Amino acid sequence: VFWLRVTLALYSLGLGHALLTVIRRRQRLFTLALASFTIAAVFHLVSIVEEGLALGRFPVVNLYQSSSLIGFLITVLFLVAYWRYKFESLAVFVFPIVFVFTFIASLGHPVEPWSSPALRSSWLFIHVVLALLGYAALFLTCVAAVMYLIQERELKSKKPRAFYYRLPPLGTLDELSYKTMAAGFVLITLGLITGSFWAFIEWGTRWVVDPKIILAFVTWGIYLAMIFTRWTIGWRGRKAAYFAIAGFCCAALTWMVDSGVHSFVKR
């Protein structure tokens, strides 16, 4: 567990690089993040070997151990691919994925409950605020995507109606969609981390099978895919708009089934 948490700390530099890249659209810290990622892979292997020796078998008997192994294998594949092909853009997708898998693996061992009710409530409050801000940003992304589709349809009709002239240009809408999506992704990522950690302390190792948690990770995965297709493949326009709308629908469903806010108010 110690080496796994050291690994997670090193992977967090990769996550920070990915989030900054999404916001600034430049990979300024890639060299540092790659070095940290490479060192983390060594410690990750050490943690897997040590756990296997302690158990006396291959450590894939539960979800946490499997998550650790998956994260390690993705890391190795990425490093091999990078050393061979120099695909820096893949880091925006790989670094967050590996961090999340390792983060899940690191929460597989119960810890002491909250030291104080005030700390417990404050941590949950931070999670709720981050989630709300993230959903607000993703809602703006969805609105911009809908307006983009309407604008595009009116242009193709060759006989645009009056409200067409009140809509921003397609380029402006596409830029707005990306900026709000990037901000929403950062906020949702931080909200997911804080929420998962709160649930881990509150519920122990049962947190990962909670439907709300699973749906939250699915939503995060959709938005990571949106960022990846935009950053690496260059998806813009209609494809990006449809993806943004689908992603927001999933985020809205996550919020509807999440009773975290209600539990916080009642307590």
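Residues numbered from 1 in each chain as written. Predicted model: local features only at pLDDT ≥ 70, side-chain atom pairs only at ≥ 80, totals over all residues. Heavy atoms only, no water.

**As for the packing of helix H2 (residues 30-55) against helix H3 (residues 63-85)**
Counted only if it meets this: Note on definitions: angles span 0 to 180 degrees between N-to-C directions of axes, and those axes are lines fitted to C-alpha atoms, for helices only across the stretch in contact. To qualify as a helix, a DSSP run of H or I must reach at least 4 residues; to qualify as a strand, a run of E must reach at least 2; elements of each kind are numbered from the N terminus. When describing relative orientation, an angle under 35 degrees is termed roughly parallel and one over 145 degrees roughly antiparallel, while 65 to 115 degrees is termed roughly perpendicular and anything else oblique. By convention the crossing between two helices is left-handed if the near helix lies anticlockwise of the far one by an angle smaller than a right angle, and right-handed if it lies clockwise. Any two residues whose heavy atoms approach within 4.5 Å at even a single point are treated as in contact.
With their axes 10 Å apart at the nearest point, H2 and H3 run at an angle of 140 degrees to one another. In terms of axis orientation, H2 runs oblique to H3. Note on packing geometry: the crossing formed by H2 with H3 is left-handed. Note on element contacts: H3 touches H2 through Gln65, Ser68, Leu69, Gly71, Phe72, Thr75, Phe78, Leu79, Tyr82 and Trp83, opposite Phe30, Leu34, Phe37, Thr38, Ala41, His44, Leu45, Ile48, Glu51 and Leu55.

**Considering the confidence of the model for the protein chain**
For clarity, the cut-off: Values of pLDDT, which run from 0 to 100, indicate the predictor's confidence residue by residue.
For the protein chain, the average pLDDT comes to 84, and 92% of its residues sit at 70 or higher. Taken together, the stretch residues 259-267 has pLDDT below 50 and engages in ten contacts with residues farther than four places along the chain or on a different chain.

**What about helix H4 (residues 91-106)?**
For the record, the criterion: Expected helix span is given by 1.5 Å per residue-to-residue step, counting one fewer step than there are residues. Only protein chains enter the calculation, and the probe is 1.4 Å; a residue is then buried if its accessible area is under 20% of its type maximum, exposed if over 50%, and partly exposed in between.
Counted at 1.5 Å a residue, the expected span for H4 with its 16 residues is 22 Å, and the 22 Å between its end C-alpha atoms agrees. Summarising burial for H4: 14 of the 16 residues are buried, a large majority.

**Some thoughts on the side chain of Ser67**
Checked against the element boundaries, Ser67 lands in helix H3. Sequence-distant contacts of Ser67, that is, excluding residues within four places in its chain, are made with Phe101, Ile104 and Ala105.

**Thoughts on the layout of surface pockets**
Rules: A cavity here means a set of 1 Å grid points, computed over protein atoms only, where a 1.4 Å probe fits but cannot escape. A pocket is an open set with protein on both sides within 12 Å along at least 5 of 7 lines, and lining residues have an atom within 4 Å of a point. Grid points are joined across faces, edges and corners, and a volume is the space filled by probe spheres set on the points. Classification convention: Asp, Glu, Lys, Arg as charged; Ala, Val, Leu, Ile, Met, Phe, Trp, Tyr, Cys, Pro as nonpolar; all other residues, Gly among them, as polar.
Within this model, the second largest pocket holds a volume of roughly 230 Å³. If you go around the second largest pocket, you meet 13 residues; those closest to its centre are Leu63, Ser67, Phe101, Ile104 and Phe217. Of all the secondary-structure elements, those providing two or more residues to the lining of the second largest pocket are H3, H4 and helix H7 (211-233). The residue makeup of the lining of the second largest pocket, split by class, is eleven nonpolar, two polar and no charged.

**A word on the packing of aromatic side chains**
In this description, a pair of aromatic rings is defined by centroid distance and the angle of the planes. So the rule is basically this: Aromatic pairs are defined between Phe, Tyr and Trp rings, using the six-membered ring for Trp, whenever the two ring centres lie within 6.5 Å; interplanar angles under 30 degrees are classed as stacked, those over 60 as edge-to-face, and all others as tilted.
Tallied over the full model, the rule gives 14 aromatic pairs. Between the aromatic rings of Phe37 and Phe95, the centroid separation amounts to 4.4 Å while the plane-to-plane angle is 35 degrees, which identifies the pairing as tilted. Here the residue Phe37 occupies a position in helix H2, and Phe95 occupies one in helix H4, the gap between them amounting to 58 residues. For Phe37, a relative accessible area of 0% translates into the label buried. A connected cluster of aromatic rings, assembled from ring pairs, spans Tyr11, Phe30, Phe37, Phe78, Tyr82 and Phe95.

**What to know about a nonpolar patch on the surface**
Rules: Residues qualify for a patch when their relative accessible area is over 30% and they have no salt bridge, like charges being joined within 9 Å and the nonpolar side chains of Val, Leu, Ile, Met, Phe, Trp and Tyr within 5 Å. Per-residue and other accessible areas follow the Shrake-Rupley method at a 1.4 Å probe size, with only the shown protein chains counted as cover for residues. Salt bridge criterion: a side-chain nitrogen from Lys or Arg within 4 Å of a carboxyl oxygen from Asp or Glu.
Judged by side-chain polarity, Phe125, Ile126, Val129 and Leu133 come together as a nonpolar surface patch covering roughly 350 Å² of accessible area. Considering the arrangement of structural elements, one finds Ile126 in helix H5 (residues 117-157).

**Let's talk about the nonpolar core**
Rules: By convention a nonpolar core is built from buried Ala, Val, Leu, Ile, Met, Phe, Trp, Tyr and Cys residues, the set being connected through side-chain atoms within 4.5 Å.
Residues Phe37, Phe78, Phe95, Trp207 and Trp220 are the most contacted members of the largest nonpolar core, which totals 64 residues. Only helix H1 (2-24), H2, H3, H4, H5, helix H6 (170-203), H7 and helix H8 (237-257) provide two or more residues apiece to this core. If one sorts the elements of this core by residue count, H6 sits on top with twelve residues. Setting aside anything within four residues of it in sequence, one finds Phe37 in contact with Tyr11, Thr75, Phe78, Leu79, Val94, Phe95 and Val98.

**Digging into the side chain of Thr21**
What counts, and what does not: Two N or O atoms count as a polar contact when they lie within 3.5 Å, although within protein this holds only if one can serve as hydrogen donor and the other as acceptor, and sequence-adjacent residues are included solely when both atoms are side-chain atoms.
Residue position: Thr21 is located in helix H1. Of note is the side chain of Thr21, whose polar atom sits 2.7 Å from the backbone oxygen of His17.

**What about empty space enclosed by the protein?**
On inspection of all chains with the given rule, the structure shows three cavities of 30 Å³ or more. Of the voids in this model, the largest cavity is the one considered here, and its volume is about 60 Å³. Considering the residues around the largest cavity, the lining is formed by Ser177, Met181, Met226, Thr229, Arg230, Trp235, Ala240, Phe243 and Ala244. Among the secondary structure elements, those contributing two or more residues to the lining of the largest cavity are H6, H7 and H8. The residue inventory of the lining of the largest cavity, partitioned by class, reads six nonpolar, two polar and one charged.

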